[in-house]
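# Observations on the model geometry
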Amino acid sequence: MFILLMIQKYFPQFLLTIACCTGLVFLFRKFRPSDEQKQRKNAQFKEKLKMNKGREENLTDEIDDKDMQDMEEDFAPSLPENLAHIPFKFTKNSHSEMIKRSGEFYELMNKRRSVRFFSKDPVPEEVIRNIIKTAGTSPSGAHTEPWTFVVIKDPQMKQQVREVIEEEEYFNYNKRMSKQWVADLKPLKTTWEKKYLTEAPYLILVFKQLYSFNEDGTRKMHYYNEISVAIATGMLITAIHNAGLSTVTTSPLQCGIRLRSILERPPQERLVLLFPVGFPADDCTVPDLERKPLKDICVEI
Ligand SMILES: Cc1cc2nc3c(=O)[nH]c(=O)nc-3n(C[C@H](O)[C@H](O)[C@H](O)COP(=O)(O)O)c2cc1C
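Scope of this entry: the structure provided in the associated data block. (Residues numbered from 1 in each chain as written. Predicted model: local features only at pLDDT ≥ 70, side-chain atom pairs only at ≥ 80, totals over all residues. Heavy atoms only, no water.)

### Focus: the site of the ligand
- Close contacts around the ligand come from Arg 112, Arg 113, Ser 114, Arg 116, Leu 188, Thr 190, Val 248, Thr 249, Thr 250, Ser 251, Leu 289 and Arg 291, and that covers them all.
- One of the side-chain nitrogen or oxygen atoms of Arg 112 is found 3.0 Å away from an oxygen atom of the ligand.
- For the ligand, an oxygen atom lies 2.9 Å from a polar atom in the side chain of Arg 291.
- Looking at the shell around the ligand, its residues break down into 3 nonpolar, 5 polar and 4 charged. (Near = heavy atom within 4 Å. Polar contact = N/O pair within 3.5 Å; in protein donor to acceptor, adjacent residues only side chain to side chain. Nonpolar A, V, L, I, M, F, W, Y, C, P; charged D, E, K, R; others polar.)

### Focus on helix α6 (residues 125-135)
- Among all positions in α6, only Ile 128, Ile 131, Ile 132 and Ala 135 are buried. Down the axis of α6, the smallest arc covering the buried residues is 95 degrees, so these residues share one side. Exposed residues pointing more than 90 degrees away from the buried face of α6 are listed as Glu 126, Arg 129 and Lys 133.
- Looking at the buried side of α6, the elements it contacts are β1 (147-152), β2 (202-209), α10 (225-242) and β6 (269-278). (Buried < 20%, exposed > 50% of the residue type's maximum accessible area, 1.4 Å probe, protein only. Helix = DSSP H or I, 4+ residues; strand = E, 2+ residues; numbered from the N terminus. Arc of directions from axis to C-beta. Contact = heavy atoms within 4.5 Å.)

### Describing helix α7 (residues 155-176)
- With 22 residues, α7 should reach 32 Å at 1.5 Å per residue; the first-to-last C-alpha distance of 29 Å fits that figure.
- Three or more residues of α7 are buried, namely Met 157, Lys 158, Val 161, Arg 162, Val 164, Ile 165, Glu 166, Glu 168, Glu 169, Phe 171, Asn 172 and Tyr 173.
- Turning to α7, the residues buried within the fold contact β1, α8 (179-185), α9 (196-199), β2, α11 (256-262) and β6. (Expected span 1.5 Å × (residues − 1).)

### Here we look at the sheet that holds β1
- A sheet is described by the order of its strands in space; here 4 strands give the open sequence β1-β2-β6-β5, paired in antiparallel fashion. The outermost strands of the open sheet, each flanked by one partner alone, are β1 and β5 (246-247).
- Relative to β2, α10 is tilted by about 160 degrees, and along the sheet it contacts β1, β2, β5 and β6. (Pairing = 2+ DSSP bridges. Axes fitted to C-alpha atoms, helices over the stretch in contact; angles between N-to-C directions.)

### Focus: the pattern of salt bridges
- One pass over the structure, following the stated rule, counts 11 salt bridges.
- With a shortest N-O distance of 2.3 Å, Glu 125 and Lys 153 are connected by a salt bridge. Of this pair, Glu 125 sits in helix α6 while Lys 153 is found in the loop between β1 and α7, placing the two residues 28 residues apart along the sequence.
- We note a salt bridge from Arg 258 to Glu 168, for which the minimum N-O separation is 2.7 Å. Of the two residues, Arg 258 sits in helix α11 while Glu 168 sits in helix α7, which places them 90 residues apart along the sequence. (Salt bridge = Lys/Arg side-chain N within 4 Å of Asp/Glu carboxyl O.)

### A short note on the packing of aromatic side chains
- Applying the stated criterion to the full structure yields 4 aromatic pairs.
- Centroid distance Phe 75 to Tyr 211: 6.0 Å. Interplanar angle 75 degrees. Geometry classified as edge-to-face. One end of the pair, Phe 75, is in the loop between α4 (65-70) and α5 (95-109); the other, Tyr 211, is in strand β3 (residues 211-213), and 136 residues separate them in sequence. Here Phe 75 and Tyr 211 have matching classes, each one buried.
- Seen in terms of ring centroids, Phe 88 and Phe 90 are 5.9 Å apart; in terms of plane orientation they differ by 35 degrees. Their pairing is tilted. (Phe/Tyr/Trp six-rings, centres within 6.5 Å; stacked < 30°, edge-to-face > 60°.)

### Focus on the environment of Arg 112
- Counting through the fold element by element, Arg 112 comes out in the loop between α5 and α6.
- Taking the C-alpha atoms as reference points, Arg 112 and Val 248, 136 residues apart in sequence, are found 10.0 Å from one another.
- Dropping the residues within four chain positions of it, Arg 112 is found in contact with Ile 237, His 241 and Arg 291.

Dropping the structure here:
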């Protein structure tokens, strides 16, 4: 009785509510995908997954943070407590000499560019060894030197590395990377295809070491391993350029475990970066980029 009275009293509002609900149901039905459409979409997705079998779940590392904590008891200091301290040999330059040297070094480094097209011209192995020795002079957390530089010149191994990276990069560009990321890379014209991995005479793969072993089998903890390796690779790039060679810094996303396995590196090592090294191809081009001026990168207080 009460309901009927309410309907009578608010009849126009009642009619409007019914009309709106009917309209919404109609719209929902109209735009809801049909069963056939749903089936088609599912089939397409399944097909994609099949194509990328094994890559849908990211491979995981054998050692994670929890394992590192569990290993804590095995860690021992790597440097002797009574380590000798010796006089530091140092040559002091005049101010004018320092200005000249620093200016010339800047001019040299300002010519460095990331090169993605290489010639097959040979490079003496000794040059590569000197470059890596230079990177090895880098500072490191508690002098742990947490790096391994794997140099590949064997063409078959380079081909194997290229296959792994191109496979993963295809998936990265088409699925793992965000649309924004892919759009940001477009002006650089980088794609999943990495010809330079077989064209450059050398590949240098830089691994960080989470820990290493002392002679007595105890573990040496590698503090700041990531940042130490980053500094060492900066020195590596500088040494490559100083030697008159070119490279490009590359970060092969999701390739670390597969490459570590091919290269037979131990589980405590993680791939950080890969550098193809050689001479630029005769027709090599680079993106027309500008660098920020000093005033935009430096604050003097
Ligand atoms: C951490 C890092 C990762 C990079 N990864 C890639 C990469 O995977 N592929 C690539 O072609 N370039 C890569 N680059 C190179 C940059 O695109 C390049 O340094 C930048 O465009 C500036 O150009 P320039 O090196 O010629 O000055 C990377 C650079 C850095 C520092």
